[in-house]
4 protein chains.
Amino acid sequence: MTFDKGGWRQGAACVAALTFDVDAESPILAAGRRYADNAMAMTHQAFGPKVGVPRILQMLDDLQQPATFFIPGVTAERYPHMVEQVLESGHEIAHHSHTHRTAVNMTFDDERADFDRALSALGRFGISPRGHRAALWQPSWRTPLLVAEYGLKYDSSLMDADVPYLIETPAGTVAELPPHWSLDDWEQYAFLPEPRIGEIIQSPLVVADMWIHEIDAMRRHGALFMLTCHPFLTGRAGRLEALRTVIEAALERGDVRFSTCAALAEAALGDPGLVAGPLNPVTASEELYPDY
Amino acid sequence: MTFDKGGWRQGAACVAALTFDVDAESPILAAGRRYADNAMAMTHQAFGPKVGVPRILQMLDDLQQPATFFIPGVTAERYPHMVEQVLESGHEIAHHSHTHRTAVNMTFDDERADFDRALSALGRFGISPRGHRAALWQPSWRTPLLVAEYGLKYDSSLMDADVPYLIETPAGTVAELPPHWSLDDWEQYAFLPEPRIGEIIQSPLVVADMWIHEIDAMRRHGALFMLTCHPFLTGRAGRLEALRTVIEAALERGDVRFSTCAALAEAALGDPGLVAGPLNPVTASEELYPDY
Amino acid sequence: MTFDKGGWRQGAACVAALTFDVDAESPILAAGRRYADNAMAMTHQAFGPKVGVPRILQMLDDLQQPATFFIPGVTAERYPHMVEQVLESGHEIAHHSHTHRTAVNMTFDDERADFDRALSALGRFGISPRGHRAALWQPSWRTPLLVAEYGLKYDSSLMDADVPYLIETPAGTVAELPPHWSLDDWEQYAFLPEPRIGEIIQSPLVVADMWIHEIDAMRRHGALFMLTCHPFLTGRAGRLEALRTVIEAALERGDVRFSTCAALAEAALGDPGLVAGPLNPVTASEELYPDY
Amino acid sequence: MTFDKGGWRQGAACVAALTFDVDAESPILAAGRRYADNAMAMTHQAFGPKVGVPRILQMLDDLQQPATFFIPGVTAERYPHMVEQVLESGHEIAHHSHTHRTAVNMTFDDERADFDRALSALGRFGISPRGHRAALWQPSWRTPLLVAEYGLKYDSSLMDADVPYLIETPAGTVAELPPHWSLDDWEQYAFLPEPRIGEIIQSPLVVADMWIHEIDAMRRHGALFMLTCHPFLTGRAGRLEALRTVIEAALERGDVRFSTCAALAEAALGDPGLVAGPLNPVTASEELYPDY
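A quick note: this is a predicted structure, and the numbers were derived from the prediction, not measured.

> Which parts of the structure should I look at to understand the environment of G238 of chain D?
Turning to its location among the elements, G238 of chain D is positioned in helix α10 (residues 237-253). What makes G238 of chain D buried here is its relative accessible area of 0%. Between the C-alpha atom of G238 of chain D and that of P204 of chain D, which follows or precedes it by 34 residues, the distance is 6.6 Å. Not counting the four nearest positions on each side in its chain, G238 of chain D is found in contact with H213, E214 and A217 of chain C together with P204 of chain D.

Structural data, given as structure tokens:
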């Protein structure tokens, strides 16, 4: 199979986007404000911005590959030095909500307020993000509208494809760059008993083999390898070196192109083969599904 | 060991049935109608009919092997184009309830109504299914009666054998084609935090090795390799390629025969070595088991 | 290291006891009488006595090694033909409670009644068991007393050793043959969503490697490889063949001796190196541990 | 990369600290006093001091490497012979709370009382511990103050680094020697259904490979391999031999130095490259995080 050089893949068999969600304390506080009293849980999360991000930046510099950092507003405010480090490295910084609370249970006004606060927090660093990823990958059905209204070009939260697609909203067209649970370090590595954020600690050797297998399979299907890692997890030495192995294996293939999400969104928006359509909410019949 | 050519195995050491349950949104809505508000969860499920099914059909065409697609009525109604694709491919389409709600907690009238609705939904495509699989593999004790009453030839939900057997009901004899949790991609791959449908994401490399080992063991025991995959899971590139590896390994053995469930049921119903008996409900003594 | 021929090991580096708990429906009904309505869960359990036990007997016959079958009273009553098969094979049958309900929450009278009922159920087959294993490995602190009172020679439920030891009770001395979670197929293979009996389905290839590693480590430490398998789990083809691999690997070592629990208990009771002591209940201070 | 001989690493590429938390019954009783009635759960825990510790001491002696044993006060009181064995072996014994109850939900007075009781319990053996590890790795934000007030030199509970760092408190400076969930045998091996302390039993072969991989990665990053094992888990034969493999692999590298925590803390406190700073509690805004 060969791939169109004019399309979003630009001739590559598989496009890889390395994304790092620098959540730090935010998902734990979203699970309950009381967890601020748990010093271990808080420092467990602080490892990400303090140790994980500098290590990841060094590795990306070693390999000379671009990446995208999704940083919640509260994390940017708590760790300005980390934000400056990422900025200086030249990688992309993108919108990842302000508080890392799910939009599913918010009113649209509350979602907008959180969205707006995150923009302000990033704005104080001179950052004007090109894209957005919902906290917990849980946008509302109207999130793409919000993304478009604020002039961002892409979202990265929905899962009905493994290639980019275009969402038409009343405020303009947005590229969707789909992530997936199987390409997320959280399910492989996250462990905390309280709040319970995960229960399994997989060997990085198994994870590296799995992701390299996925890249090879995606090269056959012309897919987007959208990898999501968290510095509080993948910043640990053994996991970082496993990720290095994955990237090196992909580079050895010769037909995998690494891209920031912003560049990928631009390529998708300019791809004449992609046709925009609306995102249609699902409605469920109360008769068929009586349990709310 | 050699196997009788006149029996259900038709001389093969192991018969393999590839089945795909195209659940899409239905099991998530069955867990709670409110999940329709979760755009990520809904698109996560939509991946199955949108991307997974066409890829699976292509792979089956590459390998020239038959398969059975169990499609809930609501999925057929939401994705008519997907149903047409499966129909055109020549594979079997079978009954998988209308709503994917468990029959265990339904009255028999409600179970019948759901069963009937599913037949209507498939009937609008001209499909007259030969067999049935209960949602969640949770039939009631009277489900085989329903299957027979409506003229279907087989059920695939019970687990007290790993070869076909025959159930006698007042409305006729039904072949049971037993599935099992260990031959299901759900336990290996499904992950969603809300509703919680699974917590583990296994490497497809480990899964492929496990299933090939199972096929080899089943060849020794003359068993039925009844594999259940879900397009929203196995439609992902790395998992699809792992499944391709499993099928190719089975074909290389030379003594594994792939069959649709309909053909397998027919062979079982015509096998003089299989004797039909009733399905006897279990009753539990309140004295011995006081906790309801 | 060499081992005393007069001791319980009789010169072997490691003694292996193959035990099969033929639970069938009993643990599911113990979790709730209502699960009798779940035809899949019930047939899932019935696989053990119907298919698993005959296969296991055949494998033991192939390898010419002895084993112990722990059979709850209700299972013996439901599956008399299975009990006869085990009896004819010459393997040991032992006491595994009547209902498979935990003794921890029972009064001592209720525990005794259940214990007694199990003896009657086995007695109707002419079986006079030499030993006992508590349901869920959850005896009360007085269970060894009950075991001794009824004239049984061993219990197999406690975990503070990986060699046999002797418990002194007012009614006589009992050998304890300790099992452990890591040598149990349940944690590796059991999966049912409702009642939730497990969530992980491990590859039999990984399990076989783990158990062979354990045998080799135990040979170094002179330990008891007390393996607990369940026919509803290990009776599945791939798992049975993995177990065969484990046994064959142990036999190849040349210094592993397979024994029934009854013979092992007899050796332990006759070992002058083992000194009996009482089983001392733990008491917890309400001041130190205020939460009940 | 080369490492400063004057720093805490003393020229090694990676420093390894072998720590054994001899919890025994304490975490189970902390989960509920009623579990004292569960003879299996209690004996499951007793395996640690009875069998696990002597085996671990023998292995450390075989390999001639130092280790640190964190022993809760109640465990020291229940198992004085075990404490004497560790003392005689020359390894370090350190503070691990009295009751193994989490400090997060205690008042500071209660935390102090528990801390003090543990010191008394160890003091009766003539032990004056140099360091502390919080039960469940859950200190309060004021725990380091307590550690300093009582004249101890280090804590080992926080996770925002994988190298030692210095915490300034009003009562003096304390070295923090960070552990992590990924270097803990509990997540890999612990299983008990009630109280539920874990659900996964990983193969020791997989764990050994993972930890050796971590050591190699940490050699690249100059990190602290702070391994936490529990004698009730790692005292089992297969796991002990897996740990031996890990230590042997580290020794073969030639640039990994094993150290007690006390010696490591001393090196850290004397390292001119480490600057002490306060431990700053996290505060969470009620406006941003309304859910308590």
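Back to the write-up after that little detour.
> Whenever I open this one, the confidence of the model for chain A confuses me. Can you help?
Atomic detail in the predicted coordinates should be set aside for any region of low pLDDT. Chain-level pLDDT for chain A is 97 on average; 99% of the residues reach the 70-or-more range. As scored by the predictor, the complex reaches a pTM of 0.98 and an ipTM of 0.97.

> Looking at this structure, I do not really get the relation of the copies chain D and chain A. What am I missing?
In this arrangement, two copies of a chain are superimposed by a rotation about an axis accompanied by a shift along the axis. Turning chain D through 90° and shifting it by 0.0 Å along the axis lays it on chain A, with an RMSD of 0.0 Å. On this basis, the relationship between the two copies can be described by a four-fold rotation axis. Rotation axis and chain D: the residue whose C-alpha lies nearest the axis is I200 of chain D, separated from it by 5.6 Å.

> Would you mind going over the arrangement of the chains with me for this structure?
The two units chain A and chain C are non-contacting; their minimal C-alpha-C-alpha distance is 11 Å. One finds no contact linking chain B with chain D; the least C-alpha distance across the pair is 11 Å.

> Quick question: what am I supposed to make of the interface of chain C and chain B here?
Reports often express the size of an interface as the amount of accessible area lost when the parts come together. In this complex, chain C contributes 45 residues to the contact, which on the side of chain B involves 40 residues. Roughly 4,000 Å² is buried in total at the junction of chain C and chain B, and carbon and sulfur atoms are behind 59% of that figure. Scanning the region where chain C abuts chain B turns up five salt bridges. Along the contact surface separating chain C from chain B lie 21 residue pairs in polar contact (both at pLDDT 80 or more). Mapped by element, the contributors of at least two residues to the side of chain C that touches chain B are α1 (26-31), α2 (39-63), α3 (73-78), β8 (191-193), β9 (196-199), α8 (204-221) and α10 (237-253) of chain C. Looking at the side of chain C that touches chain B residue by residue, the class counts come to 20 nonpolar, ten polar and 15 charged.

> Can you help me understand the pattern of salt bridges in this one?
Note that side chains of opposite charge can pair when their charged atoms are close. The full count for this structure, using the stated rule, is 60 salt bridges over all chains. Note that R196 of chain B is salt-bridged to E199 of chain C, the shortest N-O span being 2.8 Å. Linking R196 of chain B in strand β9 (residues 196-199) with E199 of chain C in strand β9, this pair reaches from one chain into another. Classification of R196 of chain B as partly exposed rests on a relative accessible area of 42%. The shortest N-O distance in the salt bridge between R220 of chain B and E241 of chain C comes to 3.2 Å.

> I keep staring at the interface of chain D and chain A and nothing clicks. Help me out?
Contacts between the two partners involve 40 residues from chain D, matched on the other side by 45 residues from chain A. Contact between chain D and chain A buries roughly 4,000 Å² in total, counting both sides, with carbon and sulfur atoms accounting for 59%. Linking chain D with chain A are five salt bridges. The salt bridge involving D160 of chain D is made with K50 of chain A; its shortest N-O contact spans 2.9 Å. Taken together, the connections running from chain D to chain A amount to 21 residue pairs in polar contact (both at pLDDT 80 or more). Considering each element in turn, the side of chain D that touches chain A owes the most residues, nine residues, to helix α8 (residues 204-221) of chain D. In terms of residue class, the side of chain D that touches chain A is built from 20 nonpolar, nine polar and eleven charged.

> Before we go on, may I ask you to explain unusual backbone geometry in this structure?
Leave glycine aside and you will find that most residues have negative phi; peptide bonds, for their part, are mostly trans. The linkage connecting E194 of chain C with the following residue, P195 of chain C, adopts the cis geometry, with an omega of 0°. Despite not being glycine, Q64 of chain B has its phi angle at roughly 55°, a positive value. Relative to the helices and strands, Q64 of chain B resides in the loop between α2 (39-63) and β2 (68-71). Q64 of chain B sits in the exposed class, given a relative accessible area of 59%.

> Teacher, can you tell me more about the relation of the copies chain C and chain B here?
When chain C is fitted onto chain B, the two copies agree to an RMSD of 0.0 Å after a turn of 90° and an axial shift of 0.0 Å. Comparing interface residues between copies, only 7% of those in chain C also sit at the interface in chain B, which points to a heterologous contact through distinct surfaces.

> Explanation requested: the UniProt feature "domain: NodB homology" (unreviewed entry) in chain A in the structure shown.
Those residues carrying the UniProt feature "domain: NodB homology" (unreviewed entry) are residues 38-259 of chain A in this numbering. Counting secondary structure, residues 38-259 of chain A comes out at 49% helix and 17% strand; the distance between its end C-alpha atoms is 38 Å.

> Help me understand helix α5 (residues 108-123) of chain B, please; the structure alone is not making it clear to me.
Residues spaced three or four apart along an α-helix point in a common direction, a consequence of the helix completing one turn every 3.6 residues. Residues and elements named next belong to chain B. The end-to-end C-alpha distance of α5, which contains 16 residues, comes to 22 Å, matching closely the 22 Å that a straight helix rising 1.5 Å per residue would cover. Looking at α5, one finds that the buried residues are F108, E111, D114, F115, A118, L119, A121 and L122. Taken down its axis, α5 places every buried residue within 165° of arc, on the same side. For α5, the elements touching its buried residues are β2, α3 (73-78), β3 (92-95), β4 (131-132) and α6 (143-149).

> Just to check I follow, could you spell out the state of the cysteines for this structure?
Here is the idea: a disulfide is a covalent bond, and it sits between the sulfur atoms of two cysteines. Enumeration over the complete set of coordinates arrives at zero disulfides over all chains. Left unpaired, C229 of chain A is separated from the closest cysteine sulfur, that of C261 of chain A, by 12 Å. Cysteine C14 of chain D is unpaired, with the sulfur of C261 of chain D as its nearest cysteine sulfur at 13 Å.

> Whenever I open this one, the environment of T234 of chain A confuses me. Can you help?
All names here are of chain A. With respect to the helices and strands, T234 occurs in helix α9 (residues 231-234). Exposure remark for T234: the relative accessible area of 2% places this residue in the buried category. Distance in space between the C-alpha atoms of T234 and L18 is 12 Å, their sequence separation being 216 residues. With near-sequence residues (within four places) excluded, T234 lies in contact with D185, Y189, C229, R239, L240 and L243.

> Hey, could you run me through the pairing of strand β1 (residues 14-21) of chain C in this one?
On any regular strand, side chains alternate: one points to one face of the sheet, the next to the other face. All names here are of chain C. Of all eight residues in β1, eight are buried; the element is thus mostly enclosed. Residues C14, A16, L18 and F20 of β1 are buried on one face, and the alternating residues V15, A17, T19 and D21, pointing to the opposite face, are buried as well. The sheet contact formed by β1 and strand β11 (residues 256-258) spans three bridges and is parallel. If you follow A16 over to β11, its bridge partner there is F258. Taken together, the six bridges between β1 and strand β10 (residues 224-229) define a ladder with parallel strand orientation.

> Whenever I open this one, the environment of M106 of chain C confuses me. Can you help?
All names here are of chain C. Tracing the chain through its elements places M106 in the loop between β3 (92-95) and α5 (108-123). Since its relative accessible area comes to 16%, M106 is described here as buried. Taking the C-alpha atoms as reference points, M106 and P139, separated by 33 residues in sequence, lie 9.9 Å from one another. Residues in contact with M106, not counting those within four places in the same chain, are R101 and E111.

Parameters and conventions
- Residues numbered from 1 in each chain as written.
- Chains lettered and ligands numbered in written order.
- Predicted model: local features only at pLDDT ≥ 70, side-chain atom pairs only at ≥ 80, totals over all residues.
- Heavy atoms only, no water.
- Helix = DSSP H or I, 4+ residues; strand = E, 2+ residues; numbered from the N terminus.
- Buried < 20%, exposed > 50% of the residue type's maximum accessible area, 1.4 Å probe, protein only.
- Contact = heavy atoms within 4.5 Å.
- pLDDT = per-residue confidence, 0-100.
- Least-squares fit on C-alpha atoms with pLDDT ≥ 70 in both.
- Buried area = accessible area lost by both parts, 1.4 Å probe.
- Salt bridge = Lys/Arg side-chain N within 4 Å of Asp/Glu carboxyl O.
- Polar contact = N/O pair within 3.5 Å; in protein donor to acceptor, adjacent residues only side chain to side chain.
- Nonpolar A, V, L, I, M, F, W, Y, C, P; charged D, E, K, R; others polar.
- UniProt positions renumbered as here; feature names shortened; annotations may be inferred.
- Expected span 1.5 Å × (residues − 1).
- Arc of directions from axis to C-beta.
- Disulfide = S-S within 2.5 Å.
- Pairing = 2+ DSSP bridges.

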